[in-house]
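Descriptive structure summary
What follows is the residue order along each chain.
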Amino acid sequence: MKQNLDVGQPAVIIHDLSHGFVTPDGGRMDVLQDVSVTVHEREFFTVVGPSGCGKSTLLNVASGLLQPSTGTVCRLKGDRNLDQLEVGYITQDSNLFPWATALENVLMPLQIRRVPKKERVRRAKEWINIVGLSGFEDHYPRQLSGGMQKRCSIARTMVYEPEVLFMDEPFGALDAITKATLQKTILDLWEKRQTSVIFITHDLTEAIALSDRVAVMTGRPGRIRTTVDIPLGRPRDVYNITDVPNFKALRHELWHLLEPELVS
Ligand SMILES: Nc1ncnc2c1ncn2[C@@H]1O[C@H](COP(=O)(O)OP(=O)(O)O)[C@@H](O)[C@H]1O
Ligand SMILES: [Mg+2]
């Protein structure tokens, strides 16, 4: 087992970011304040924080979906700036097109990128297979379980090989067993593909099982209170992560940082 000491160049640089929303009465609510963080190539970076502290807003800004009030975000591959087509985004809701089959859903991003037909069918089928959906190519989303829909959504994102993967509580709504198998799937994929991941969760065990580093946010307006290294070896046994000797101390450290930020 080795630690992931293999992180590379900066992949996402967030500098002095603040964001506010206009409230219904015309006022302004500050949601993020002075957030600066750099996530590296091949790094699995997780953000935890109280509900409503601005985690999803941070991910929306980091991925380029939302323009911040102030501050900058750079998404890089070497010296090159990434465009929107090169990032992947997976949320709690699988967001599959209900009128398209599993295979058609996975084909969609390749059609948008004008990948030739033969090649896109080959790649889509390969990804359906990797996520364990072989035999379900022609099923519509409503004919798939919640976990299978999530697998399809992962295939639809990974099929175009994004340089950075943004995940917003992707497994939050799943039962514990399905969640554990998907955590294993995502970790296996990440270990092979070595993209950077920015992952949001409210589950500290999940954060420890998956991450190289975990940022703990304060209550709103969300700031990064501190960032904790997770010095556990890889590959990790996600099913038995709570048995790892350091686990309890890490969970305690994260909880100790998070607890004062929660409103009672
Ligand atoms: N588009 C929006 N317009 C106005 N307020 C928003 C919008 N999106 C989020 N907010 C507000 O910003 C705060 C942070 O939201 P969010 O980033 O979703 O928090 P988290 O993901 O940490 O639970 C919440 O109070 C929410 O109501
Ligand atoms: Mg959220």
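Higher on the page you've got the structure.
First things first, this report covers the structure right here in the doc. Everything numeric here is computed off the predicted structure, so don't read it as measured data. (Residues numbered from 1 in each chain as written. Chains lettered and ligands numbered in written order. Predicted model: local features only at pLDDT ≥ 70, side-chain atom pairs only at ≥ 80, totals over all residues. Heavy atoms only, no water.)

Moving on, we come to the site of ligand 1. Near ligand 1, the surroundings consist of Phe21, Met29, Val31, Pro50, Ser51, Gly52, Cys53, Gly54, Lys55, Ser56, Thr57 and Arg220. Contact between ligand 1 and Gly52: an oxygen atom at 2.7 Å from a main-chain N or O atom of the residue. Take Cys53: an N or O atom from its main chain is 3.2 Å from an oxygen atom of ligand 1. For ligand 1, whose free accessible area comes to 560 Å², the fraction covered by protein is 60%. (Near = heavy atom within 4 Å. Polar contact = N/O pair within 3.5 Å; in protein donor to acceptor, adjacent residues only side chain to side chain. Areas by Shrake-Rupley, 256 points an atom, 1.4 Å probe, with all protein chains shown as cover.)

The next point concerns the pattern of salt bridges. Per the counting criterion, the structure on display carries 13 salt bridges. The salt bridge involving Glu43 is made with Arg213; its shortest N-O contact spans 2.6 Å. You can see Glu43 sitting in the loop between strand S2 (28–40) and strand S3 (44–48) and its partner Arg213 sitting in strand S9 (residues 213–217), a full 170 residues away along the chain. Comparing Glu43 with Arg213, the two get one shared label, buried. (Salt bridge = Lys/Arg side-chain N within 4 Å of Asp/Glu carboxyl O. Helix = DSSP H or I, 4+ residues; strand = E, 2+ residues; numbered from the N terminus. Buried < 20%, exposed > 50% of the residue type's maximum accessible area, 1.4 Å probe, protein only.)

To continue, consider the nonpolar core. Judged by nonpolar contacts, the single largest core of 51 residues is most densely connected at Val106, Trp127, Ile154, Met167 and Phe171. For Val106, the residues in contact, after removing those within four places along its chain, are Ala124, Trp127, Ile128, Cys152, Ala155, Arg156 and Val159. In this structure, Val12, Leu58, Met217 and Ile224 belong to the second largest nonpolar core, which totals 25 residues. (Core = buried A, V, L, I, M, F, W, Y, C linked by side-chain atoms within 4.5 Å. Contact = heavy atoms within 4.5 Å.)

Glancing now at the layout of surface pockets. Taken as a whole, the largest pocket encloses approximately 470 Å³ of empty space. Lining of the largest pocket is provided by 20 residues; of these, Val87, Tyr89, Arg156, Thr157 and Tyr160 occupy positions nearest its centre. Where the lining of the largest pocket is concerned, the elements lending two or more residues are strand S6 (87–91), helix H2 (102–112) and helix H4 (146–158). Considering each element in turn, the lining of the largest pocket owes the most residues, four residues, to S6. The class makeup of the residues in the lining of the largest pocket is 10 nonpolar, seven polar and three charged. One number sums up the size of the second largest pocket: a volume of about 180 Å³. Looking at the second largest pocket, it is lined by 15 residues, and the ones nearest its centre are Lys77, Glu163, Arg193, Gln194 and Thr195. Class assignment for the residues of the lining of the second largest pocket results in six nonpolar, three polar and six charged. (1 Å grid on protein atoms, 1.4 Å probe; cavity = no way out; pocket = protein on both sides within 12 Å on 5 of 7 lines; lining within 4 Å. Points joined across faces, edges and corners; volume = space filled by probe spheres on them. Nonpolar A, V, L, I, M, F, W, Y, C, P; charged D, E, K, R; others polar.)

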